[in-house]
Amino acid sequence: MSQPSVHRRVVASTAIVMAGILLSRVLGFVREWVVAHQVGSNAMTDAYYAAFTLPDFLNYLVAGASLSVTFIPVFTKYAAEGREDEGWHVFSTVMTFMGLLLVGFVLAGEVFAPQLAQLIAPGFPPDEKARVIFLTRLMLPAQFCFYQGSILSAVQYAKRRFVIPSLAPVVYNVLIILGGVFLASRIGMTGFAVGVLAGAIVGNLLLQVYGAMDAGARFKPNLDVLHPGFRLFVRLSVPIMLALSLAFTDDWIIRWFGSYLQPASITWLSYAKTLMRVPLGVVGQGVGVASFPFLAQLYSEGKFDELNRLLNSTMKGLIATLIPISALTIAQSAPVVYLVFSHTRMRPLDLDATAATLVFFTVGLFGWGAQYILARGFYATRNTWIPAVVGTVLTFANLPVYWLLVRRAQHLGLAMASSIGITAYTVIIFLLLARRTHNREEGALVLFFLKVCAASALVGAACYRLRQALEPHLAWHTLPGALSLLVAVTTAGILLLVIIGKLLGIRELDEQLARLWLLAPWRRSKTPA
């Protein structure tokens, strides 16, 4: 593959993934809006969000959330060597063995849910703990669907098939929304939990079975656990299974500390983090998912210079997008929250608390996005130990930060501690990856980052002042008013960013904005093949 060809294919693939993630994030908005509209923010919603902790931990324990970064290098290795039949044999082994293992874990979780709920939310009163136990047991079987679906999605990614895997979270969110709309009035938060299970079965399992078959997957159950390919898969997966990286554990830590805070604190944190994850998912996750198979292939083919150029290009795109978005979001957090949640059961106190929490989460937005790319840079080189060890050490090192800040600032302290931890993790793995891949453009990337930060800080300050000037003239506590304020301030911010970028001589910013235009979903059909 030539370098221009790689970049064109990454652009096309990223456009597909970004379109799917954008739709999924919009539906994620709707999902949270339906929760807020049907139930509001209270002890019941806290229990619902806390009930995800054990299922999420189980998915993490068997590396289900990381299958695309552990199985793809294995499969591409065999494909690059002309031994694809052997790759499908390893795929069948992974499906069989890990599926049986997961069934055992799910059954154990069902039995010991009461004891585990005490660890998940020790600060909850008895009635809330009982609700957590019930919802946990209802949603646990979904993890089997998530895990098997992740393997099926991974082989589709390895075959450069991105459409059907991108639909999995879309179907998942749609069914949660339907569960809430049609069932919540009768059975409360259980209606949303039923939607979780149905969404996992349909979107993450059945749809991915079809997608994998269409991609040519061949499955024959076996337990050939001594095969070198399966052992390579285990070797790549074990560090992720054993690690406690902040990228995975942050939600659990927040819920644990949040169980001791005033009712609705966990809900405020969940709503704010969901809002922060919209640009994060569309840009950071989209670029990471789409570029990873190409990074793994370049490494398998020994094309290390091309691998570095692809990494640098994706990182610059991330910097040029997420840093300005962070500045604009911080400057307009209150209108953003009122736009999304104004027509719900949330009170003004809830809306203001969510808006303030969003500010502190957004400080770490770039760190969350960059770690998708940087960790996958290590995984593409078949090294999962370094991110795992660094992530685990930093998680434990950051626990005192959570403890200190939650005592000083309650839920806002938890959001700030989250941003501090992920930023430290991102800086360290960036430096380590640059050493591992012998990236000669490390200094240029840092300089570009600092320039964009300076421009974005000026834009953010100006937009905050503009927002304050416009607020008395707009009924921004209503949906139309909030939308009008956001459109006016954001438009001014983008124009100001372009002007300041030119004044500061950030030539790369113009280039990256042009590339991001090519990544837009509506441009996908025009992307050169």
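Residues numbered from 1 in each chain as written. Predicted model: local features only at pLDDT ≥ 70, side-chain atom pairs only at ≥ 80, totals over all residues. Heavy atoms only, no water.

1. Quick notes on the overall build of the protein
Turning to step 1, where the next piece is worked out: Scanning the protein from terminus to terminus reveals 21 helices and zero strands.
Turning to step 2, where the next piece is worked out: Considering the protein as a whole, with its 529 residues, one finds that 57% of them fall into the buried category.
Turning to step 3, where the next piece is worked out: Taking as baseline every contact in the protein between residues at least 6 positions apart, the subset at least 24 positions apart corresponds to 85%. (Helix = DSSP H or I, 4+ residues; strand = E, 2+ residues; numbered from the N terminus. Buried < 20%, exposed > 50% of the residue type's maximum accessible area, 1.4 Å probe, protein only. Contact = heavy atoms within 4.5 Å.)

2. So, the pattern of salt bridges
Turning to step 1, where the next piece is worked out: Per the stated rule, a full pass over the model turns up 15 salt bridges.
Turning to step 2, where the next piece is worked out: Close ionic contact of K77 with E81 constitutes a salt bridge, the shortest N to O distance being 3.4 Å.
Turning to step 3, where the next piece is worked out: Overall, the relative accessible area of 41% leaves E81 in the partly exposed class.
Turning to step 4, where the next piece is worked out: Taking the shortest distance from any N to any O, the salt bridge between D251 and K273 comes out at 2.7 Å. Linking D251 in helix α12 (residues 246–258) with K273 in helix α13 (residues 265–300), this pair joins segments that are 22 residues apart in sequence. Accessibility classification places D251 together with K273 in one group, the buried group. (Salt bridge = Lys/Arg side-chain N within 4 Å of Asp/Glu carboxyl O.)

3. A word on helix α15 (residues 333–341)
Turning to step 1, where the next piece is worked out: Summarising burial for α15: eight of the nine residues are buried, a large majority.
Turning to step 2, where the next piece is worked out: Taken together, the buried positions of α15 are S333, A334, P335, V336, V337, Y338, V340 and F341.

4. Things to note about the environment of A388
Turning to step 1, where the next piece is worked out: Structurally, A388 is set in helix α18 (residues 385–437).
Turning to step 2, where the next piece is worked out: The spacing of A388 and M241 is 147 residues in sequence and 8.8 Å in space, taken between C-alpha atoms.

5. Here's the deal with unusual backbone geometry
Turning to step 1, where the next piece is worked out: Phi at A264 is positive, roughly 90 degrees, even though this residue is not glycine.
Turning to step 2, where the next piece is worked out: Counting through the fold element by element, A264 comes out in the loop between α12 and α13.
Turning to step 3, where the next piece is worked out: In this structure A264 comes out as buried when scored by relative accessible area, which is 1%.
Turning to step 4, where the next piece is worked out: Phi is positive for Q410, which is not a glycine, with a value near 55 degrees.
Turning to step 5, where the next piece is worked out: Take Q410: it is sitting in helix α18.

6. A short note on the packing of α12 against α18
Turning to step 1, where the next piece is worked out: Interhelical geometry of α12 versus α18 gives an angle of 35 degrees and a closest axis separation of 10 Å. In the packing of α12 onto α18, the handedness of the crossing is right-handed. Across from L246, A247, T249, D250, I253, I254, F257 and G258 in α12, the residues of α18 making contact are G391, T395, N398, L399, Y402, W403, V406, L414, S418, G421 and I422.
Turning to step 2, where the next piece is worked out: Considering only residue class, the contact of α12 with α18 consists of 11 nonpolar, seven polar and one charged. (Axes fitted to C-alpha atoms, helices over the stretch in contact; angles between N-to-C directions. Left-handed = near helix turned anticlockwise from the far one by under 90°. Nonpolar A, V, L, I, M, F, W, Y, C, P; charged D, E, K, R; others polar.)

7. Here's the deal with the confidence of the model for the protein
Caution is warranted with low-pLDDT regions, since their predicted coordinates should not be read in detail.
Turning to step 1, where the next piece is worked out: When the pLDDT values of the protein are averaged, the result is 84; 87% of them are 70 or greater.
Turning to step 2, where the next piece is worked out: Here residues 519–529 is a poorly scored stretch, pLDDT under 50, and it has 18 contacts once near neighbours within four places are set aside; other chains count. (pLDDT = per-residue confidence, 0-100.)

8. Looking at the packing of aromatic side chains
Turning to step 1, where the next piece is worked out: Enumeration over the complete set of coordinates arrives at 20 aromatic pairs.
Turning to step 2, where the next piece is worked out: Ring geometry for F71 against F75: centres 6.1 Å apart, planes inclined by 35 degrees, an arrangement best described as tilted. Taken together, the residues span about one helical turn, with F71 and F75 both in helix α4 (residues 67–80) at a distance of four residues.
Turning to step 3, where the next piece is worked out: Overall, F71 belongs to the buried group, its relative accessible area being 1%.
Turning to step 4, where the next piece is worked out: The class for F75 is buried, based on a relative accessible area of 3%. (Phe/Tyr/Trp six-rings, centres within 6.5 Å; stacked < 30°, edge-to-face > 60°.)

9. A look at the environment of A492
Turning to step 1, where the next piece is worked out: Looking at where A492 falls in the secondary structure, it is placed in helix α20 (residues 479–503).
Turning to step 2, where the next piece is worked out: Take A492: its relative accessible area is 29%, and that puts it in the partly exposed class.
Turning to step 3, where the next piece is worked out: For A492 and A462, which are 30 residues apart along the polypeptide, the C-alpha to C-alpha distance reads 9.2 Å.

10. As for the side chain of R467
Turning to step 1, where the next piece is worked out: Position of R467 among the secondary structure elements: in helix α19 (residues 442–470).
Turning to step 2, where the next piece is worked out: Note on R467: relative accessible area 12%, which makes it buried.
Turning to step 3, where the next piece is worked out: Of note is the side chain of R467, whose polar atom sits 3.0 Å from the backbone oxygen of A331.
Turning to step 4, where the next piece is worked out: Those residues within four positions of R467 in sequence are excluded, and the remaining contacts are A331, Q332, S333, A334, P335, L485 and V489. (Polar contact = N/O pair within 3.5 Å; in protein donor to acceptor, adjacent residues only side chain to side chain.)

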